[in-house]
Amino acid sequence: MIHVSDVSKEFLLPHERRTTFREYFLHFFHPIHYERFYALRNVSFDLPKGQWLGIVGENGSGKSTLLRILAGVFTPTEGSVQISGKIVPLLGLGVGFHPDLTVCQNIFLNGALLGISLKKLKKKQKDILDFAEITLFRDAKLKNLSSGMIMRLAFSIALQTEGDIFLLDEILAVGDRPFQKKCETLFRTLKKEGKTVVLVSHNLNFLREWCDEMIWLHHGEIVAQGLPEVVLSQYEKK
Amino acid sequence: MNWDIWKTFVKLDFLVRYQHSVLGFVWVFLKPFLLFSVLLVVFSIFRQDIPYFSLSLLLGIILFQFFSDATLFGMRSILERGYLRLQLPFSSEISVFAALTSAVIHLFFALGLFILFFLFRGPILTFGGSIIFIFLLICEGLLVGGISFFFSLFVLRFRDLGEIWEVCLAALFYLVPIFYPWDIVPESLRAILWWNPLTQIIQFSRNAILLQKLPEWHQLAVLFAICGGLFLLGIFFFRRRERMFCEQL
(Lines give C-alpha, C1' and ligand atoms only; values in the text may rest on other atoms or scores of the structure.)
Protein backbone atom coordinates (compact mmCIF):
# COMPACT_ATOMS: atom_id res chain seq x y z
CA MET A 1 0.00 0.00 0.00
CA ILE A 2 1.41 3.33 -1.09
CA HIS A 3 -0.05 6.68 -0.11
CA VAL A 4 1.50 9.79 -1.63
CA SER A 5 0.15 13.08 -0.43
CA ASP A 6 0.88 16.40 -2.10
CA VAL A 7 4.53 15.69 -2.68
CA SER A 8 6.79 18.33 -4.15
CA LYS A 9 10.51 18.14 -4.65
CA GLU A 10 12.71 21.10 -5.22
CA PHE A 11 16.35 21.00 -6.20
CA LEU A 12 18.71 23.94 -5.92
CA LEU A 13 20.96 23.96 -8.94
CA PRO A 14 23.96 26.24 -8.53
CA HIS A 15 25.03 28.27 -11.48
CA GLU A 16 28.64 27.93 -10.48
CA ARG A 17 30.28 25.03 -8.83
CA ARG A 18 32.59 26.09 -6.03
CA THR A 19 34.31 23.02 -4.84
CA THR A 20 37.61 24.10 -3.39
CA PHE A 21 38.75 26.33 -0.57
CA ARG A 22 40.51 28.58 -3.01
CA GLU A 23 37.34 29.16 -4.98
CA TYR A 24 35.48 30.07 -1.81
CA PHE A 25 38.05 32.64 -0.80
CA LEU A 26 38.38 34.22 -4.20
CA HIS A 27 34.66 34.59 -4.65
CA PHE A 28 33.77 35.29 -1.05
CA PHE A 29 31.75 38.38 -1.86
CA HIS A 30 29.95 37.00 -4.86
CA PRO A 31 26.91 35.04 -3.79
CA ILE A 32 26.14 31.96 -5.82
CA HIS A 33 22.97 32.18 -7.83
CA TYR A 34 20.83 29.12 -7.61
CA GLU A 35 18.17 27.90 -9.94
CA ARG A 36 15.15 26.64 -8.07
CA PHE A 37 14.10 23.61 -9.98
CA TYR A 38 10.85 21.88 -9.07
CA ALA A 39 11.22 18.31 -10.15
CA LEU A 40 7.81 17.42 -8.74
CA ARG A 41 4.82 19.55 -7.86
CA ASN A 42 1.85 18.50 -5.75
CA VAL A 43 1.91 14.86 -6.72
CA SER A 44 -0.70 12.72 -5.02
CA PHE A 45 -1.89 9.20 -5.59
CA ASP A 46 -2.82 6.02 -3.78
CA LEU A 47 -1.87 2.55 -4.79
CA PRO A 48 -3.54 -0.38 -3.04
CA LYS A 49 -1.65 -3.56 -2.35
CA GLY A 50 -1.18 -5.86 -5.30
CA GLN A 51 -1.81 -3.23 -7.96
CA TRP A 52 0.65 -2.15 -10.61
CA LEU A 53 1.21 1.54 -11.35
CA GLY A 54 2.82 2.70 -14.56
CA ILE A 55 4.39 6.14 -14.92
CA VAL A 56 4.95 7.77 -18.29
CA GLY A 57 6.29 11.11 -19.29
CA GLU A 58 8.97 12.82 -21.29
CA ASN A 59 12.57 12.72 -20.22
CA GLY A 60 13.01 15.09 -17.32
CA SER A 61 9.39 15.01 -16.25
CA GLY A 62 10.20 13.81 -12.75
CA LYS A 63 9.54 10.08 -13.09
CA SER A 64 12.86 8.95 -11.64
CA THR A 65 12.69 11.58 -8.92
CA LEU A 66 9.27 10.29 -7.89
CA LEU A 67 10.56 6.74 -7.77
CA ARG A 68 13.53 7.80 -5.71
CA ILE A 69 11.27 9.51 -3.24
CA LEU A 70 9.22 6.33 -2.96
CA ALA A 71 12.44 4.38 -2.44
CA GLY A 72 13.60 6.70 0.30
CA VAL A 73 16.64 7.91 -1.58
CA PHE A 74 15.30 11.48 -1.64
CA THR A 75 13.02 13.15 0.86
CA PRO A 76 10.19 15.34 -0.40
CA THR A 77 10.51 19.10 0.01
CA GLU A 78 6.80 19.19 0.76
CA GLY A 79 4.18 16.57 1.29
CA SER A 80 4.42 13.07 2.65
CA VAL A 81 4.72 9.48 1.59
CA GLN A 82 3.40 6.51 3.50
CA ILE A 83 4.40 3.05 2.42
CA SER A 84 3.72 -0.22 4.16
CA GLY A 85 5.71 -3.25 3.16
CA LYS A 86 9.25 -4.07 2.16
CA ILE A 87 10.46 -1.98 -0.74
CA VAL A 88 12.80 -3.34 -3.37
CA PRO A 89 14.30 -0.36 -5.21
CA LEU A 90 15.46 -1.35 -8.68
CA LEU A 91 16.28 2.15 -9.78
CA GLY A 92 19.06 1.13 -12.09
CA LEU A 93 20.45 -2.15 -13.24
CA GLY A 94 23.53 -3.54 -11.55
CA VAL A 95 23.87 -1.10 -8.69
CA GLY A 96 27.29 -1.57 -7.20
CA PHE A 97 28.66 -3.54 -10.14
CA HIS A 98 32.41 -3.22 -10.21
CA PRO A 99 34.10 -3.76 -13.56
CA ASP A 100 37.30 -5.19 -12.09
CA LEU A 101 35.59 -7.88 -10.09
CA THR A 102 34.45 -11.20 -11.53
CA VAL A 103 30.86 -12.03 -12.43
CA CYS A 104 30.49 -14.18 -9.33
CA GLN A 105 31.90 -11.53 -7.04
CA ASN A 106 29.53 -9.02 -8.57
CA ILE A 107 26.57 -11.32 -8.04
CA PHE A 108 27.31 -11.37 -4.32
CA LEU A 109 28.02 -7.65 -4.21
CA ASN A 110 24.92 -6.57 -6.11
CA GLY A 111 22.80 -9.19 -4.38
CA ALA A 112 23.89 -8.05 -0.93
CA LEU A 113 23.15 -4.42 -1.77
CA LEU A 114 19.68 -5.43 -2.97
CA GLY A 115 19.05 -7.18 0.31
CA ILE A 116 19.25 -10.77 -0.92
CA SER A 117 20.58 -13.07 1.79
CA LEU A 118 23.99 -14.66 1.39
CA LYS A 119 22.45 -18.09 1.74
CA LYS A 120 20.05 -17.48 -1.11
CA LEU A 121 22.75 -16.04 -3.33
CA LYS A 122 24.90 -19.11 -2.84
CA LYS A 123 21.98 -21.41 -3.55
CA LYS A 124 20.74 -19.51 -6.60
CA GLN A 125 24.09 -18.55 -8.07
CA LYS A 126 23.86 -21.12 -10.84
CA ASP A 127 20.26 -20.23 -11.62
CA ILE A 128 21.17 -16.57 -11.88
CA LEU A 129 23.98 -17.33 -14.33
CA ASP A 130 21.79 -19.68 -16.37
CA PHE A 131 18.90 -17.26 -16.60
CA ALA A 132 21.25 -14.55 -17.83
CA GLU A 133 22.78 -17.04 -20.27
CA ILE A 134 26.33 -16.32 -19.13
CA THR A 135 27.21 -19.50 -17.27
CA LEU A 136 30.51 -19.86 -19.13
CA PHE A 137 31.61 -16.39 -18.02
CA ARG A 138 31.23 -16.88 -14.29
CA ASP A 139 34.87 -16.12 -13.53
CA ALA A 140 35.40 -13.46 -16.14
CA LYS A 141 35.87 -9.88 -15.05
CA LEU A 142 32.75 -7.86 -15.55
CA LYS A 143 34.49 -5.37 -17.79
CA ASN A 144 35.08 -8.14 -20.31
CA LEU A 145 31.39 -8.82 -20.82
CA SER A 146 29.23 -7.06 -23.35
CA SER A 147 26.79 -4.50 -22.07
CA GLY A 148 23.92 -6.80 -23.01
CA MET A 149 25.34 -9.58 -20.86
CA ILE A 150 25.83 -7.19 -17.96
CA MET A 151 22.25 -5.99 -18.21
CA ARG A 152 20.91 -9.54 -18.33
CA LEU A 153 23.02 -10.45 -15.32
CA ALA A 154 21.75 -7.43 -13.42
CA PHE A 155 18.18 -8.26 -14.31
CA SER A 156 18.68 -11.88 -13.37
CA ILE A 157 19.95 -10.94 -9.92
CA ALA A 158 17.14 -8.45 -9.48
CA LEU A 159 14.61 -11.19 -10.06
CA GLN A 160 15.86 -12.93 -6.91
CA THR A 161 14.93 -10.02 -4.68
CA GLU A 162 12.11 -10.46 -2.24
CA GLY A 163 9.76 -7.81 -1.05
CA ASP A 164 6.24 -6.49 -1.19
CA ILE A 165 6.74 -3.41 -3.31
CA PHE A 166 8.93 -3.26 -6.40
CA LEU A 167 10.08 0.02 -7.89
CA LEU A 168 11.36 -0.39 -11.44
CA ASP A 169 13.01 2.53 -13.20
CA GLU A 170 13.23 1.78 -16.92
CA ILE A 171 14.80 -1.62 -16.47
CA LEU A 172 12.62 -3.55 -18.85
CA ALA A 173 14.39 -3.01 -22.14
CA VAL A 174 16.83 -5.81 -21.52
CA GLY A 175 17.77 -8.65 -23.81
CA ASP A 176 16.46 -10.14 -27.03
CA ARG A 177 12.96 -11.41 -27.66
CA PRO A 178 13.46 -14.90 -26.14
CA PHE A 179 15.00 -13.34 -23.03
CA GLN A 180 12.11 -10.94 -22.70
CA LYS A 181 9.72 -13.86 -22.93
CA LYS A 182 11.55 -15.50 -20.03
CA CYS A 183 11.16 -12.33 -18.02
CA GLU A 184 7.45 -12.24 -18.72
CA THR A 185 6.91 -15.56 -17.00
CA LEU A 186 8.46 -14.05 -13.91
CA PHE A 187 6.34 -10.95 -14.10
CA ARG A 188 3.34 -13.25 -14.19
CA THR A 189 4.53 -14.80 -10.92
CA LEU A 190 4.89 -11.36 -9.36
CA LYS A 191 1.33 -10.55 -10.35
CA LYS A 192 0.06 -13.84 -9.02
CA GLU A 193 1.83 -13.37 -5.70
CA GLY A 194 0.08 -10.05 -5.29
CA LYS A 195 3.16 -7.86 -5.33
CA THR A 196 2.74 -4.13 -5.68
CA VAL A 197 4.76 -2.64 -8.50
CA VAL A 198 5.49 0.91 -9.58
CA LEU A 199 7.24 1.12 -12.88
CA VAL A 200 8.58 3.74 -15.18
CA SER A 201 8.83 2.70 -18.78
CA HIS A 202 8.67 3.93 -22.32
CA ASN A 203 7.34 0.58 -23.48
CA LEU A 204 3.69 1.55 -23.81
CA ASN A 205 2.51 -1.91 -24.83
CA PHE A 206 3.99 -3.42 -21.72
CA LEU A 207 2.34 -0.80 -19.57
CA ARG A 208 -0.99 -1.30 -21.31
CA GLU A 209 -0.82 -5.04 -20.67
CA TRP A 210 0.41 -5.13 -17.10
CA CYS A 211 -0.64 -1.98 -15.26
CA ASP A 212 -3.79 -1.48 -13.28
CA GLU A 213 -3.35 2.24 -13.06
CA MET A 214 -1.23 4.87 -14.75
CA ILE A 215 0.09 8.36 -14.24
CA TRP A 216 1.33 10.77 -16.85
CA LEU A 217 3.91 13.20 -15.48
CA HIS A 218 4.69 16.38 -17.33
CA HIS A 219 7.21 18.88 -15.94
CA GLY A 220 6.75 17.39 -12.50
CA GLU A 221 2.97 17.51 -12.41
CA ILE A 222 0.36 14.83 -12.93
CA VAL A 223 -1.57 15.68 -16.06
CA ALA A 224 -3.44 12.42 -16.37
CA GLN A 225 -4.22 9.68 -13.92
CA GLY A 226 -6.37 6.58 -14.08
CA LEU A 227 -6.86 3.46 -16.12
CA PRO A 228 -4.12 2.60 -18.61
CA GLU A 229 -6.29 2.85 -21.71
CA VAL A 230 -7.47 6.31 -20.69
CA VAL A 231 -4.09 7.74 -19.78
CA LEU A 232 -2.30 6.14 -22.70
CA SER A 233 -4.81 7.37 -25.25
CA GLN A 234 -4.26 10.90 -23.98
CA TYR A 235 -0.50 10.43 -23.85
CA GLU A 236 -0.30 9.04 -27.35
CA LYS A 237 -2.35 11.87 -28.74
CA LYS A 238 0.10 14.59 -27.71
CA MET B 1 21.52 0.77 10.35
CA ASN B 2 21.72 -1.90 7.79
CA TRP B 3 24.28 -4.45 8.92
CA ASP B 4 24.40 -6.20 5.55
CA ILE B 5 25.25 -3.06 3.64
CA TRP B 6 27.95 -2.26 6.21
CA LYS B 7 29.49 -5.72 5.79
CA THR B 8 29.25 -5.46 2.00
CA PHE B 9 31.03 -2.12 1.94
CA VAL B 10 33.88 -3.42 4.08
CA LYS B 11 34.27 -6.49 1.87
CA LEU B 12 34.10 -4.37 -1.27
CA ASP B 13 36.79 -2.07 0.09
CA PHE B 14 39.20 -4.95 0.69
CA LEU B 15 38.44 -6.61 -2.64
CA VAL B 16 39.03 -3.45 -4.63
CA ARG B 17 42.03 -2.32 -2.63
CA TYR B 18 44.02 -5.52 -2.86
CA GLN B 19 42.66 -7.12 -6.02
CA HIS B 20 45.29 -5.76 -8.31
CA SER B 21 48.36 -5.23 -6.18
CA VAL B 22 51.09 -7.75 -6.81
CA LEU B 23 51.58 -8.42 -3.15
CA GLY B 24 47.91 -8.28 -2.38
CA PHE B 25 47.00 -8.55 1.23
CA VAL B 26 50.63 -8.84 2.33
CA TRP B 27 50.77 -5.10 1.84
CA VAL B 28 48.76 -4.64 5.02
CA PHE B 29 51.77 -5.90 7.00
CA LEU B 30 54.43 -4.67 4.66
CA LYS B 31 53.57 -1.00 4.77
CA PRO B 32 54.15 -0.40 8.50
CA PHE B 33 57.06 -2.82 8.50
CA LEU B 34 58.93 -1.11 5.67
CA LEU B 35 58.45 2.32 7.20
CA PHE B 36 59.59 0.89 10.50
CA SER B 37 62.75 -0.56 8.96
CA VAL B 38 63.72 2.69 7.31
CA LEU B 39 63.07 4.82 10.38
CA LEU B 40 64.82 2.30 12.60
CA VAL B 41 68.01 2.73 10.65
CA VAL B 42 67.76 6.46 10.10
CA PHE B 43 66.90 7.42 13.66
CA SER B 44 68.92 4.89 15.55
CA ILE B 45 70.74 7.79 17.19
CA PHE B 46 67.85 7.80 19.61
CA ARG B 47 68.46 4.20 20.62
CA GLN B 48 70.11 5.15 23.88
CA ASP B 49 67.43 7.57 24.91
CA ILE B 50 64.46 5.32 24.38
CA PRO B 51 64.18 1.94 26.04
CA TYR B 52 62.87 -0.76 23.73
CA PHE B 53 63.53 1.61 20.84
CA SER B 54 62.46 -0.66 18.01
CA LEU B 55 59.20 -1.71 19.65
CA SER B 56 58.48 1.84 20.66
CA LEU B 57 59.01 3.01 17.11
CA LEU B 58 56.86 0.26 15.61
CA LEU B 59 54.01 0.93 18.01
CA GLY B 60 54.13 4.63 17.25
CA ILE B 61 54.06 3.97 13.53
CA ILE B 62 51.13 1.58 13.82
CA LEU B 63 49.06 3.95 15.94
CA PHE B 64 49.82 6.84 13.64
CA GLN B 65 49.04 4.76 10.55
CA PHE B 66 45.64 3.95 12.03
CA PHE B 67 44.97 7.63 12.57
CA SER B 68 46.02 8.44 9.03
CA ASP B 69 44.15 5.56 7.38
CA ALA B 70 40.96 6.01 9.33
CA THR B 71 40.70 9.73 8.73
CA LEU B 72 41.53 9.42 5.03
CA PHE B 73 39.26 6.43 4.35
CA GLY B 74 36.55 8.01 6.47
CA MET B 75 36.79 11.33 4.71
CA ARG B 76 36.45 9.82 1.27
CA SER B 77 33.82 7.26 2.21
CA ILE B 78 30.75 9.23 1.22
CA LEU B 79 32.28 10.43 -2.03
CA GLU B 80 33.20 6.89 -2.95
CA ARG B 81 29.80 5.44 -2.21
CA GLY B 82 27.96 8.42 -3.58
CA TYR B 83 26.83 6.71 -6.73
CA LEU B 84 25.24 3.95 -4.66
CA ARG B 85 23.44 6.42 -2.41
CA LEU B 86 21.62 7.78 -5.44
CA GLN B 87 20.04 4.41 -6.09
CA LEU B 88 19.70 2.78 -2.72
CA PRO B 89 18.25 4.24 0.44
CA PHE B 90 20.77 3.86 3.24
CA SER B 91 22.14 6.26 5.74
CA SER B 92 25.50 7.66 4.66
CA GLU B 93 26.61 6.95 8.20
CA ILE B 94 27.06 3.36 7.09
CA SER B 95 29.65 4.43 4.51
CA VAL B 96 31.66 6.18 7.20
CA PHE B 97 31.39 3.32 9.69
CA ALA B 98 32.42 0.85 7.00
CA ALA B 99 35.48 2.94 6.17
CA LEU B 100 36.38 3.11 9.86
CA THR B 101 35.91 -0.64 10.13
CA SER B 102 38.34 -1.20 7.26
CA ALA B 103 40.89 0.95 9.06
CA VAL B 104 40.34 -0.99 12.29
CA ILE B 105 40.90 -4.27 10.47
CA HIS B 106 44.16 -2.91 9.06
CA LEU B 107 45.10 -1.87 12.60
CA PHE B 108 44.46 -5.35 13.98
CA PHE B 109 46.67 -6.96 11.38
CA ALA B 110 49.44 -4.46 12.02
CA LEU B 111 49.08 -5.07 15.76
CA GLY B 112 49.44 -8.77 15.00
CA LEU B 113 52.82 -7.98 13.51
CA PHE B 114 53.66 -5.92 16.59
CA ILE B 115 52.70 -8.75 18.94
CA LEU B 116 55.05 -11.05 17.06
CA PHE B 117 57.97 -8.64 17.63
CA PHE B 118 56.82 -8.08 21.18
CA LEU B 119 56.92 -11.75 22.05
CA PHE B 120 60.55 -11.93 20.98
CA ARG B 121 61.94 -8.68 22.29
CA GLY B 122 59.50 -7.14 24.65
CA PRO B 123 59.03 -7.18 28.40
CA ILE B 124 56.26 -9.10 30.10
CA LEU B 125 52.90 -7.61 29.38
CA THR B 126 51.01 -6.72 32.53
CA PHE B 127 47.25 -7.05 32.87
CA GLY B 128 46.97 -3.38 33.76
CA GLY B 129 49.03 -2.46 30.72
CA SER B 130 46.80 -4.41 28.37
CA ILE B 131 43.60 -2.93 29.76
CA ILE B 132 45.00 0.57 29.45
CA PHE B 133 46.13 -0.15 25.90
CA ILE B 134 42.67 -1.37 24.91
CA PHE B 135 41.19 1.74 26.47
CA LEU B 136 43.62 3.89 24.49
CA LEU B 137 42.68 2.12 21.27
CA ILE B 138 39.04 2.85 21.97
CA CYS B 139 39.96 6.50 22.52
CA GLU B 140 41.76 6.60 19.22
CA GLY B 141 38.75 4.98 17.57
CA LEU B 142 36.47 7.68 18.94
CA LEU B 143 38.92 10.35 17.88
CA VAL B 144 39.20 9.21 14.28
CA GLY B 145 35.45 8.58 14.17
CA GLY B 146 34.66 12.12 15.14
CA ILE B 147 37.14 13.57 12.67
CA SER B 148 35.86 11.32 9.89
CA PHE B 149 32.25 12.35 10.42
CA PHE B 150 33.16 16.01 10.09
CA PHE B 151 35.50 15.54 7.16
CA SER B 152 33.25 13.20 5.21
CA LEU B 153 30.68 15.98 4.90
CA PHE B 154 33.11 18.87 4.47
CA VAL B 155 34.90 17.17 1.63
CA LEU B 156 31.65 17.23 -0.34
CA ARG B 157 31.80 21.02 -0.31
CA PHE B 158 35.57 21.44 -0.37
CA ARG B 159 36.94 18.74 -2.62
CA ASP B 160 40.56 19.68 -1.95
CA LEU B 161 40.22 18.86 1.74
CA GLY B 162 41.81 15.51 0.94
CA GLU B 163 45.07 17.01 -0.27
CA ILE B 164 45.12 19.53 2.54
CA TRP B 165 44.63 16.82 5.14
CA GLU B 166 47.39 14.70 3.63
CA VAL B 167 49.79 17.61 4.06
CA CYS B 168 48.56 18.07 7.64
CA LEU B 169 49.16 14.39 8.32
CA ALA B 170 52.68 14.68 6.96
CA ALA B 171 53.33 17.57 9.33
CA LEU B 172 51.64 15.75 12.19
CA PHE B 173 54.04 12.86 11.77
CA TYR B 174 56.77 15.18 13.01
CA LEU B 175 54.73 16.87 15.70
CA VAL B 176 54.00 13.57 17.39
CA PRO B 177 56.93 11.80 19.06
CA ILE B 178 57.10 8.74 16.88
CA PHE B 179 60.79 8.47 16.10
CA TYR B 180 62.15 10.85 18.70
CA PRO B 181 61.81 10.73 22.48
CA TRP B 182 59.38 13.04 24.22
CA ASP B 183 62.22 14.40 26.34
CA ILE B 184 63.78 16.08 23.36
CA VAL B 185 60.82 18.37 23.03
CA PRO B 186 61.64 21.75 24.65
CA GLU B 187 59.61 22.58 27.77
CA SER B 188 57.97 25.55 26.11
CA LEU B 189 56.43 23.45 23.37
CA ARG B 190 55.44 20.50 25.52
CA ALA B 191 52.24 22.02 26.78
CA ILE B 192 50.98 22.76 23.29
CA LEU B 193 51.98 19.47 21.75
CA TRP B 194 50.53 17.52 24.64
CA TRP B 195 47.07 18.80 23.80
CA ASN B 196 47.17 16.63 20.73
CA PRO B 197 45.23 13.52 21.77
CA LEU B 198 47.26 11.40 19.38
CA THR B 199 50.47 12.32 21.25
CA GLN B 200 48.85 11.28 24.51
CA ILE B 201 47.61 8.02 23.07
CA ILE B 202 51.00 7.07 21.68
CA GLN B 203 52.94 8.06 24.78
CA PHE B 204 50.55 6.38 27.20
CA SER B 205 50.53 3.23 25.05
CA ARG B 206 54.28 3.00 25.03
CA ASN B 207 54.54 3.60 28.75
CA ALA B 208 51.85 1.10 29.55
CA ILE B 209 53.08 -1.71 27.35
CA LEU B 210 56.83 -1.29 27.38
CA LEU B 211 57.60 0.44 30.66
CA GLN B 212 54.76 -0.74 32.85
CA LYS B 213 54.15 2.90 33.68
CA LEU B 214 50.42 3.47 33.81
CA PRO B 215 48.89 6.93 33.35
CA GLU B 216 46.93 8.65 36.11
CA TRP B 217 43.15 8.40 36.22
CA HIS B 218 42.66 12.07 35.61
CA GLN B 219 44.91 11.99 32.57
CA LEU B 220 42.85 9.18 31.08
CA ALA B 221 39.67 11.02 31.92
CA VAL B 222 40.82 14.12 30.05
CA LEU B 223 41.84 12.06 27.05
CA PHE B 224 38.56 10.20 27.01
CA ALA B 225 36.67 13.46 27.29
CA ILE B 226 38.50 14.94 24.31
CA CYS B 227 38.08 11.89 22.12
CA GLY B 228 34.56 11.06 23.22
CA GLY B 229 33.55 14.69 22.89
CA LEU B 230 34.89 14.93 19.36
CA PHE B 231 33.07 11.75 18.44
CA LEU B 232 29.75 12.97 19.80
CA LEU B 233 30.14 16.35 18.14
CA GLY B 234 31.02 14.63 14.90
CA ILE B 235 28.07 12.32 14.91
CA PHE B 236 25.56 15.00 15.93
CA PHE B 237 26.86 17.30 13.25
CA PHE B 238 26.67 14.48 10.73
CA ARG B 239 23.11 13.49 11.55
CA ARG B 240 21.84 17.03 11.42
CA ARG B 241 23.61 18.06 8.26
CA GLU B 242 23.76 14.83 6.30
CA ARG B 243 20.87 15.57 4.05
CA MET B 244 21.95 19.11 3.32
CA PHE B 245 25.41 18.10 2.27
CA CYS B 246 24.50 14.88 0.51
CA GLU B 247 22.16 16.42 -1.97
CA GLN B 248 25.19 18.15 -3.39
CA LEU B 249 26.35 14.82 -4.64
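Just so it is clear, the structure is predicted and the values come from calculations on it, not from any experiment. (Residues numbered from 1 in each chain as written. Chains lettered and ligands numbered in written order. Predicted model: local features only at pLDDT ≥ 70, side-chain atom pairs only at ≥ 80, totals over all residues. Heavy atoms only, no water.)

### Looking at the overall build of chain A
Along the backbone of chain A there are eight helices and nine strands. Taken across its 238 residues, chain A has 47% of its residues classed as buried. Put simply, of all contacts in chain A between residues at least 6 apart along the chain, 70% involve residues at least 24 apart. By element, 54% of the accessible surface of chain A is carried by carbon and sulfur atoms, the whole surface being about 11700 Å². A gap of 7 Å separates the mean positions of the 30 positive and 26 negative side-chain charges of chain A. (Helix = DSSP H or I, 4+ residues; strand = E, 2+ residues; numbered from the N terminus. Buried < 20%, exposed > 50% of the residue type's maximum accessible area, 1.4 Å probe, protein only. Contact = heavy atoms within 4.5 Å. Areas by Shrake-Rupley, 256 points an atom, 1.4 Å probe, with all protein chains shown as cover. Lys, Arg positive; Asp, Glu negative; His and termini not counted. Charge placed at Lys NZ, Arg CZ, Asp CG, Glu CD.)

### Details of the sheet that holds strand S3 (residues 52-57) of chain A
Residue and element names in this part refer to chain A. Spatially, S5-S6-S7-S3-S8-S9 is the arrangement adopted by the six strands of the open sheet, whose pairing is mixed. Looking at the sheet topology across the chains shown, the edges are occupied by strand S5 (87-90) and strand S9 (221-226). The sheet shows a mean angle of 15° between the axes of neighbouring strands, taken without regard to direction. Where S3 meets strand S8 (residues 213-218), five bridges bridge the pair, whose relative direction is parallel. Across the sheet, Ile-55 pairs through a bridge with Ile-215, a residue of S8. Helix-sheet contacts for helix H2 (residues 63-71) involve S3, S5, strand S6 (165-169), strand S7 (196-200) and S8, and the interaxial angle to S6 is about 155°. (Pairing = 2+ DSSP bridges. Axes fitted to C-alpha atoms, helices over the stretch in contact; angles between N-to-C directions.)

### Quick notes on the pairing of S3 of chain A
Looking along a regular strand, one sees the side chains alternate between the two faces of the sheet. Residues and elements named next belong to chain A. For S3, a buried count of six out of six residues is recorded, marking the element as mostly surrounded by other parts of the structure. Where S3 lies against S7, four bridges are found, and the strand directions are parallel. Bridge pairing in S7 places Trp-52 opposite Val-197.

### Here we look at the packing of helix H3 (residues 53-80) of chain B against helix H6 (residues 127-157) of chain B
Relative orientation and spacing of two packed helices are given, respectively, by the angle between their axes and the distance between those axes. Residue and element names in this part refer to chain B. Relative to each other, H3 and H6 sit at 30°, their axes nearing to 7 Å. Compared by their axis directions, H3 and H6 come out roughly parallel. Helix-helix and strand crossings are classified by hand; for H3 and H6 the assignment is right-handed. Residue composition of the contact of H3 with H6, grouped by class: 17 nonpolar, six polar and one charged. (Parallel < 35°, antiparallel > 145°, perpendicular 65-115°, else oblique. Left-handed = near helix turned anticlockwise from the far one by under 90°. Nonpolar A, V, L, I, M, F, W, Y, C, P; charged D, E, K, R; others polar.)

### Here we look at the pattern of salt bridges
All names here are of chain B. A complete count under the given rule lists 13 salt bridges over all chains for this structure. Between Glu-166 and Arg-76 there is a salt bridge, and its shortest N-O distance comes to 3.2 Å. Separated by 90 residues along the polypeptide, Glu-166 in helix H7 (residues 161-175) and Arg-76 in helix H3 bring together distant segments of the chain. Taking the relative accessible area as the measure of exposure, Arg-76 reaches 30% and is therefore partly exposed. (Salt bridge = Lys/Arg side-chain N within 4 Å of Asp/Glu carboxyl O.)

### Let's talk about the packing of H3 of chain B against H7 of chain B
All names here are of chain B. Interaxial distance between H3 and H7 falls to 11 Å at its minimum, and their mutual angle equals 170°. Overall, the two elements H3 and H7 adopt an arrangement that is roughly antiparallel. Listed contacts from H7 to Phe-64, Phe-67, Ser-68, Thr-71, Leu-72, Met-75 and Arg-76 of H3 are Leu-161, Gly-162, Trp-165, Glu-166, Leu-169, Leu-172 and Phe-173. Within the contact of H3 with H7, the residues separate by chemical class into nine nonpolar, three polar and two charged.

### Topic: the nonpolar core
Among the nonpolar cores identified, the biggest contains 133 residues, and Leu-153, Phe-187 and Leu-199 of chain A together with Leu-57, Phe-67 and Ile-178 of chain B are the most heavily contacted of them. For this core, the element with the most residues is H3 of chain B, which contributes 16 residues. Once residues lying within four places of it in the same chain are set aside, the contact partners of Leu-153 of chain A are Phe-97, Val-103, Ile-107, Ile-128, Ala-132, Ile-134 and Leu-142 of chain A. Of all hydrophobic cores here, the second largest spans 25 residues; its members include Val-7, Leu-40, Phe-45 and Leu-167 of chain A. (Core = buried A, V, L, I, M, F, W, Y, C linked by side-chain atoms within 4.5 Å.)

### Here's the deal with the interface of chain A and chain B
Chain A puts 29 residues into the contact, and the matching count from chain B is 24 residues. Interface of chain A and chain B: buried area, both sides summed, is about 2400 Å²; carbon and sulfur atoms make up 61% of it. In terms of surface lost to chain B, no three residues of chain A exceed Phe-21, Val-73 and Leu-113 of chain A, which account for 24% of the buried area on that side. The interface formed by chain A and chain B holds zero salt bridges in total. Counting across the chain A and chain B interface gives two residue pairs in polar contact (both at pLDDT 80 or more). At four residues, the largest contribution of residues to the side of chain A that touches chain B is made by helix H3 (residues 103-113) of chain A. Class assignment of the residues belonging to the side of chain A that touches chain B gives a composition of 14 nonpolar, eight polar and seven charged. (Buried area = accessible area lost by both parts, 1.4 Å probe. Polar contact = N/O pair within 3.5 Å; in protein donor to acceptor, adjacent residues only side chain to side chain.)

### Comments concerning the sheet that holds strand S4 (residues 78-83) of chain A
Paired through their backbone hydrogen bonds, the strands of a sheet run either parallel or antiparallel. Residues and elements named next belong to chain A. Spatial ordering of the open sheet is given by S2-S1-S4, a layout of three strands whose pairing is antiparallel. At either end of the open sheet lies a strand with only one pairing partner, and these are strand S2 (34-47) and S4. Sheet twist, expressed as the average angle between the axes of neighbouring strands with direction ignored, equals 30°. Set on the sheet, H2 makes contact with strand S1 (2-14), S2 and S4; between it and S2 the angle comes to about 65°.

### Quick notes on the confidence of the model for chain B
In the predicted model, chain B carries a mean pLDDT of 89, and 98% of its residues have values of at least 70. Interface confidence in the predicted complex, given as ipTM, is 0.83; pTM for the same model is 0.88. (pLDDT = per-residue confidence, 0-100.)

### Concerning the environment of Lys-192 of chain A
Along the chain, Lys-192 of chain A falls in helix H6 (residues 177-192). Remark: the alpha-carbon pair of Lys-192 of chain A and Gly-50 of chain A, spanning 142 residues in sequence, is separated by 8.9 Å.

### Some words on the side chain of Asp-69 of chain B
All names here are of chain B. Among the structural elements, Asp-69 can be located in helix H3. Buried charge Asp-69 goes without a salt bridge, the closest partner of opposite sign being Lys-31 at 4.0 Å. In this view, Asp-69 contacts Lys-31, Gly-74, Ala-103 and His-106; residues no more than four positions away in its chain are not counted.

### Looking at the environment of Asp-139 of chain A
As for its position among the elements, Asp-139 of chain A is in the loop between helix H4 (118-131) and helix H5 (147-158). Placed 72 residues apart in sequence, Asp-139 of chain A and Leu-67 of chain A show a C-alpha to C-alpha distance of 34 Å.

### Quick notes on the environment of Arg-239 of chain B
All names here are of chain B. Inspection of the secondary structure puts Arg-239 in helix H10 (residues 217-246). Spatially, the C-alpha atoms of Arg-239 and Phe-179 are 38 Å apart, while their sequence positions differ by 60 residues. Reaching out from Arg-239, the side chain makes a polar contact with the side chain of Glu-93 at a distance of 2.7 Å.

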